Amino acid sequence: MRTGRLLGSGRSADVYEMDEAWVLRRMRGGRGDAAAEAAVMQHLRSHGYPVPGVRAATGGDLVMERLSGPTMLEAFGQGLLSAQEAGLTLARLLRKLHAVPARLSAESAVRVLHLDLHPGNVMLTPDGPKVIDWSNTEEGAPALDWAMSAVILAQVAVGGEAIGAVAEETLEALLDGNGDQLSEAGLAEAGRRRAADPMMSAREVELLGEADALIRELLPR
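In short, a report on the structure. (Residues numbered from 1 in each chain as written. Predicted model: local features only at pLDDT ≥ 70, side-chain atom pairs only at ≥ 80, totals over all residues. Heavy atoms only, no water.)

**Concerning unusual backbone geometry**
- For Leu-115, which is not a glycine, the phi torsion comes out positive at approximately 70°.
- Relative to the helices and strands, Leu-115 resides in the loop between strand 6 (111-113) and strand 7 (122-125).
- Leu-115 sits in the buried class, given a relative accessible area of 4%. (Helix = DSSP H or I, 4+ residues; strand = E, 2+ residues; numbered from the N terminus. Buried < 20%, exposed > 50% of the residue type's maximum accessible area, 1.4 Å probe, protein only.)

**Focus on the pairing of strand 1 (residues 6-9)**
- Here strand 1 pairs with strand 2 (residues 13-17) via three bridges, running antiparallel. Bridge pairing in strand 2 links Ser-9 to Asp-14.
- The loop that links strand 1 with its antiparallel partner strand 2 comprises three residues. (Pairing = 2+ DSSP bridges.)

**Section: the environment of Ala-190**
- Tracing the backbone shows Ala-190 in helix 6 (residues 184-196).
- With 29 residues separating them in the primary sequence, Ala-190 and Leu-219 have C-alpha atoms 16 Å apart.

This is the structure we're talking about:
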């Protein structure tokens, strides 16, 4: 598939311009199942969940709606978003996601999970926040989704980087009033998955113990 100019790159994918309305998200190394990802996005969109529209999906290539606006992460740097607002927005997006019925499972407790919902995967568009990057999506228990978001934020918070304080405030706002959404099993599984993620650096894996301790410290009593 022909691509235009490179618009951005993440850990595992690049985004290219197609035209004014569409972009191509291409996974590197032939990874990913864009068709499965697109099916989940279309299911969520049909239930009113804020995801980009999809035009085509083949292999690791996903042609989707071109969104305007910064990611939450970019908005922090531009002074457009507070950590409190970010944490509350992430919590609302998780709750709204888990209100959508599963696409495949008929079990009432099973929901669509994003499993990588963090400030870099939420774009602040003129129409409101929209969630991108559904390459990790599965169906399962919502507690795992909450735990994955918490662990990702906590790893940044304890990592010693300049944005660490913002990540901790975002995590605290995410957990405030939502402690019942996490479970011991969810936290354990989130830690296991992050440790096994080949995209994690050795340093990031080392931080998982501190990250878990921070989550537990911030959980409302």
